[in-house]
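# Structural characterization, general
Read off the chains here:
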Amino acid sequence: MSDRRCINDNCQSKPKCKLFAAQKNMCDYYNVVYRPDRQVCGACMQKCIIYFDRIGRRFKNGQCILDDRYPKKQSVIIELSDSDDDNAVDNYTEPSTENPDPQIAELSRSLSTIIQDTVEPLFKRQKELCESYLISKKAKLVAGKEQIDNLVDQVDLAIGKLYNNLYKFDSQRKFKFDPEISIHENLDDDVSIVLTKTLPGLPDDLPEEGLLIRHLLKVGDKVYAMKHSQMQPWIEATIKSAVSDTYFNILFDDGGEKVLNYKNLAYIDAASHAQYPVGSRVIAKFQDMNIQLTDKFYVGVIGEPPKKYNNFRYMIFFDDGYTQYAYHKNIRLVCGESPNVCDDVHENIREFVKTYLRNYPERPMVKFNKKQVVRTELRNLWCSAKVKNLDASLVQLKFLDMKIEHTEWMYRGSNRLSPMYNQLNSNNQDKRVRGTVLTDVNKLLNRPYIVIENLTENEKSVDIDNSDNTQKPHRNNGVIKSIEIPANCPKPLPYKHHECSHFCMLWVHYDYSQTKSMNVLTIPLHYGFTRSILTDEKLKLRKVIYTTPCGLNIEDENKMYNYLKLTSYGNSQMTMDLFNFDYLVNPLSWFTVPKVFIRIQDISYEMEFKPISVVNSFNDLVPDHIKYITKRITSPNVNLNIDPKFLCGCDCIDNCEDKNKCSCWQLTYEGPKNYPAIFKDHDGIGYSSKRLHKQVITGIFECNSNCKCKKTCLNRVVQEPLKTSLQLFLTEKKGWGVRTLTDIPKGSFVCTYLGVVRTEKDADNDFSLNWGEYLADLDFLEAVEEIKDGYESYVVQPEDENEDYTSSSDDEEFNPSWAIKSKMSMFESRMSLRKNLQNTNTKTDGKHELSKLNTQQKVESKNTSLLSYLDKDRGIYTLDAKVNGNIGRYFNHSCDPNIFIQNVFIDTHDLRFPWVSYFALSNIRAGTELAWDYNYMIGSVKNKKLMCHCGSKNCKGRLL
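The residue count restarts for each chain, going from 1 along the sequence in the order it is written. Whole-chain, interface and lining totals are the exception, using all residues; otherwise, since this is a predicted model, local features are given only for residues with pLDDT of at least 70 and side-chain atom pairs are given and counted only at 80 or more. Excluded from the side-chain calculations are hydrogens and water; all other atoms, namely the structure's heavy atoms, are used.

Where an unreviewed UniProt entry is consulted, the protein appears under the name Histone-lysine N-methyltransferase eggless, with the organism given as Macrosiphum euphorbiae.

Okay, structure coming up:
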């Protein structure tokens, strides 16, 4: 088929101008592939001739041809050509050189000799000129680079000065920086990346870590002494005499005398050859909210060492219940302390300090974002408070609905914060390990939640292998190859204008039952479709184009769905999950391992539609035998009614396209309607083109056996046979894990979690034997109840028209409408922390008032749980996959998961028995291990500790 247009993509000639055959040099000039049928207009051909004539003259005159204007290269365009064009190129042959005429051969040799004698010197001269030209250009580039480097250094210096002016530390503190270090990591065999990072050193007035030595006291030494009580400031005094090795007669400046133990004395200056370790008994200057330091010292204990994390300050738990940060120069070391420092602190904080030091450096703390709202205890009432500021381990809260404005700094591990309080009062700490099969509700809804922070892990080295939050493909025993579509597969026909119908697909003979060995995204490519990636250099965009068997080009999901609907026949309609329009997903990627490592060809023994191989590259071990199932099983004492008569179904005949008319879709929408502030995007709820991009906490109701829609319905996903190509493999530290053999697009259904449905009581009876291994609680109702219980508490009325109180992240804000207050009281000793100037507990004599502590009234919820009406003696139900299960039982934990769990209702609408299903949280590359967040609460099981080996950037280090 002749190409009736000029080879110059930017040609300005008229459309019907005369065209000429384009020679190979002209095609090279315009950066197009040469073909015999290429054509060029007269104007573009003249431009090409002028250029080559100019280059020829420069060559002849001994001038460098590089020192000339070159034609601008055209944008790279991927051509979709038909088979006729390919044949035209293939059929083109050079003129035959077999059996040439003797006279012509002689003439050719003579010409070659003449050209060599006349042109060879010109070539040598041109080579020298070009080398000289390139050397001069390189020198200019190097000089330019040096200028840019100098400019960058100047900019860095200016930014540093600006930063120091904007963020002045106490007394203009200056920081030293250690020499630069270079970190080399080989990412691939032929690629090496060097990262250079300047690590901050210690401030000038902060000593290094080391052994802390207390010097002996002697008569005449100046000290700070506790004249009255631990609640009052310590006062300067002089040692008059020594009563014993530990008791001294102290003379105060006002003439008073007192015998004090050295535990009640502190050194007069901050001179120390080492940092104060955590747990050290010290006195420190107290700082009010107006950032003015007092000259009075109060006694406390070091709770956090100086780190970059806290701007090189110590965190101090004062005996009166306050918590603050202090610099080294504002702290004095107490002259002596008991072997157990908890014996020295005031009973007000003794239990808290004891627990804190026992668990250090691991600390449960509430994770906050600015503007979030949290229920906080104040004067034996649970009140709503808004996060104003964060400072390392402290949070500043502004209490709402208060007659007198009240702002307070608080330690993020204080049980005055409702998340901490709720965890401490949990009734099932010794029961279920896996608290929920859902992602933590607080994280999902952007509420404050508890994390375990480890100070020893705050100063982490740069880890290039885990520089992002995505799981990496396992390449230790396999490689990613490209799938080759067999040559005998149907190819798209040349497009001719027509109305698409089932005849467009009929000739490719599509049959899904024959696709068992194919990657799900390559199925269309085996049946007449092609997939291309088009690059638009002008718009800087890349997009995926599918060419259908009838030659039509389709570039988005809506057009593809309409095409599949028009071309379907019988039960042979392709579904939307076979197609993906994300250019980052490669349908042809396939992870392969040497056959010698494959221990079992299919662990499901053909019970799944796709085979699941078992790979072990370390030894000959295979997984423990289980009974592989594809449907859940119920234990004898579980009444699971799956009679279709108890299901409501839809009457749709349009594949449930219209979600407003489909009764099953409306069941899915019904739950989110009760939480409009959480589910803001109504159209984004549920499946989109048979993929789920966001978890629906209130559950998804799929079409079922009572529905009139086809099996290809858009609301039938989890109930379909396994489509993802998975592999079970032995990991180095985590036991058996599951990885994908192909790329998985975001939102794709992976598989279900199956097992035996048991009562909570039955599962707890076996808990001591298996520690909850392979158990997944069907806690759908609990998760929804948790939303309901906290929904109104996190919605507060703005104090004035100028300020909205929201529960938000950096990306979106939560607009509340009313306030709910509930009477609650404290559990054990609470930490009453530093308060604002209007509410300070500091009297004129410097004495601090003791906070009210040790009230232990129960917390009462205002909402009545639906669970209280159901199976009071059975609790929730649990899926036990220890003996009977499927591939879903092998997924490992990750602190940065790439799959998530969704509750789906299919064969029953009993909310106690959802299907547990896995979906892709992001695009997942072939060879990557699939992992989800177990959501274990660290420390929830006594005498049980599990280390985490997920290797992700945000790894917590522990599972339990």
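### A closer look at a nonpolar patch on the surface
Condition: Excluding any residue in a salt bridge, patches collect residues exceeding 30% relative accessible area, merging like charges within 9 Å and nonpolar Val, Leu, Ile, Met, Phe, Trp and Tyr side chains within 5 Å. To be clear on the numbers: accessible area is Shrake-Rupley with a 1.4 Å probe, and residue cover counts the displayed protein chains and nothing else. Salt bridge, as used here, is a side-chain nitrogen of Lys or Arg placed within 4 Å of a carboxyl oxygen of Asp or Glu. Each helix is a run of DSSP H or I of at least 4 residues and each strand a run of E of at least 2, with the numbering of both proceeding from the N terminus.
A surface patch of nonpolar side chains, about 390 Å² in accessible area, is lined by L107, L111, I114 and I115. Mapped onto the elements, L111 comes out in helix α4 (residues 102–166).

### Looking at the UniProt feature "domain: Post-SET" (unreviewed entry) in the protein
Here is the rule: UniProt positions are given in the numbering used here, feature names are shortened, and annotations may be inferred rather than shown by experiment.
Within this structure's numbering, the places UniProt gives as "domain: Post-SET" (unreviewed entry) are residues 944–960. Helix makes up 0% of residues 944–960 and strand makes up 0%, while its end C-alpha atoms are separated by 7 Å.

### Some details on the pairing of strand β41 (residues 899–905)
Basically, it comes down to this: Only protein chains enter the accessibility calculation, which uses a 1.4 Å probe; a residue whose area is less than 20% of its type maximum is buried, one above 50% is exposed, and one in between is partly exposed. DSSP bridges decide pairing: two strands pair if at least two such bridges lie between them.
Of all 7 residues making up β41, 7 are buried, and the element is well covered by its neighbours. Residues I899, I901, N903 and F905 of β41 are buried on one face, and the alternating residues F900, Q902 and V904, pointing to the opposite face, are buried as well. Of the pairings in the sheet, the one linking strand β32 (residues 700–701) to β41 comprises 2 bridges and is parallel in character. The partner of F701 across the bridge, within β41, is F905. Across 6 bridges, β41 lies against strand β42 (residues 915–920) in antiparallel orientation. By the bridge assignment, I899 is partnered in β42 with A920.

### Thoughts on the sheet that holds strand β28 (residues 598–600)
Strands sit in the order β28-β29-β33-β34-β43-β40 across an open sheet of 6 strands; the sheet is mixed. With one partner strand each, in any of the chains shown, β28 and β40 (892–893) form the two edges of the open sheet. One ladder, built from 2 bridges, connects β40 with strand β43 (residues 929–932); its direction is parallel. Among the inter-strand pairings, H893 is bridged to a residue of β43, identified as W932.

### Brief notes about the nonpolar core
Let me state the cut-off plainly: As used in this record, nonpolar core signifies buried Ala, Val, Leu, Ile, Met, Phe, Trp, Tyr and Cys residues forming a set joined through side-chain atoms within 4.5 Å. Residue contacts are defined here by distance: any two heavy atoms, one from each residue, within 4.5 Å place the two residues in contact.
In terms of nonpolar packing, the biggest core is built from 44 residues, with I887, F891 and Y918 touching the most fellow members. Of all the secondary structure elements, the ones that give two or more residues to this core are β33 (726–730), β34 (736–740), β35 (749–753), β37 (775–778), β38 (877–880), β41, β42 and β43. Other than its neighbours up to four places away in sequence, F891 contacts V738, V750, C751, I899, Y918, L930, W932 and Y934.

### Brief notes about empty space enclosed by the protein
Which entries qualify depends on this criterion: Both site types are read off a 1 Å grid over the protein atoms alone. A 1.4 Å probe that fits but cannot get out defines a cavity, while an open set with protein on both sides within 12 Å along at least five of seven lines defines a pocket; lining residues have an atom within 4 Å of a point. Grid points are joined across faces, edges and corners, and a volume is the space filled by probe spheres set on the points. Any residue that is not Ala, Val, Leu, Ile, Met, Phe, Trp, Tyr, Cys, Pro, Asp, Glu, Lys or Arg is counted as polar, Gly included; the first ten are nonpolar and the last four charged.
In total, this model carries 5 cavities of 30 Å³ or more according to the counting rule given. Estimated volume of the largest cavity: approximately 230 Å³. In terms of lining residues, the largest cavity is bounded by 19 residues, among which V520, K723, T724, S748 and F749 are the most central. Here the lining of the largest cavity is built from residues that sort into 8 nonpolar, 5 polar and 6 charged.

### Description of the pattern of salt bridges
The full count for this structure, using the stated rule, is 30 salt bridges. K240 is the salt-bridge partner of E257, the closest N and O atoms lying 2.6 Å from each other. Taken as a pair, E257 in strand β10 (residues 257–261) and K240 in strand β8 (residues 235–242) lie far apart in primary sequence, 17 residues in all. Relative accessible area serves as the criterion here: at 43%, E257 is assigned to the partly exposed category. Across the pair D620 and R599 runs a salt bridge, and its minimum N-O distance is 3.4 Å.

### Regarding the packing of aromatic side chains
Quick reminder of the rule: Only rings of Phe, Tyr and Trp enter the pairing, Trp through its six-membered ring, and a pair is recorded when the two centres are within 6.5 Å. The plane angle decides the type: under 30 degrees is stacked, over 60 is edge-to-face, the rest tilted. Two limits define a charge over a ring: the Lys NZ or Arg CZ must be within 6 Å of the ring centre, and within 35 degrees of the ring normal.
If you walk through the whole model with that rule in mind, you get 34 aromatic pairs. Arranged with centres 5.6 Å apart and planes meeting at 40°, the rings of Y276 and Y314 form a pair that is tilted. Here Y276 is found in the loop between β11 (265–267) and β12 (281–287), whereas its partner Y314 is found in strand β14 (residues 314–318), with 38 residues between them in sequence. Each member of the pair Y276 and Y314 is classed as buried. With a centroid separation of 5.9 Å and 65° between ring planes, the pair formed by Y918 and W932 is classed as edge-to-face. Taken together, the residues span a long stretch of sequence, with Y918 in strand β42 and W932 in strand β43 at a distance of 14 residues. Considered together, Y918 and W932 belong to a single accessibility category, that of buried residues. An aromatic cluster is present here, built from F317, F352, Y356, Y360 and Y411 joined pairwise through their rings. A cation sits over an aromatic face here: K227 above F252, 5.3 Å from the ring centre. Across from the ring centre of F729, 4.2 Å away, lies the NZ or CZ of R739, which sits over that ring.

### Considering the environment of F729
Within the element layout of this structure, F729 appears in strand β33. Its relative accessible area of 3% is what places F729 among the buried residues.

### Observations regarding helix α10 (residues 557–567)
Quick note on the threshold: It is the directions from the helix axis to the C-beta atoms that the arc portrays. Counting of polar contacts relies on pairs of N or O atoms within 3.5 Å, with two restrictions inside protein: one atom must be capable of donating a hydrogen and the other of accepting it, and residues adjacent in sequence are counted only when both atoms are side-chain atoms.
Looking only at α10, the buried set comprises M560, Y561, Y563, L564 and T567. Projection of α10 onto a plane perpendicular to its axis shows the buried side chains occupying an angular sector of 160°, all on one side. Opposite the buried face of α10, at more than 90 degrees from it, the exposed residues are N558 and L566. In this structure, the buried side of α10 is in contact with α8 (503–506), β25 (541–547) and β26 (553–554). Looking at where α10 begins, the residue whose side-chain oxygen comes 3.2 Å from the main-chain nitrogen of N558 is D556.

### Remarks on helix α5 (residues 350–359)
Listing the buried residues of α5 in full gives F352, V353 and Y356. Along α5, the residues classed as buried sweep out an arc of 95° about the axis, all on the same side.

### Section: unusual backbone geometry
Excluding glycine, residues mostly carry a negative phi; peptide bonds, for their part, are mostly trans. Put simply, Y360 and P361 share a cis peptide bond, and its omega is 10°. Secondary-structure assignment places P361 in the loop between α5 and β17 (362–367). Unusually for a residue other than glycine, S689 sits at a positive phi of about 55°. You can see S689 is positioned in the loop between α11 (663–673) and β32.

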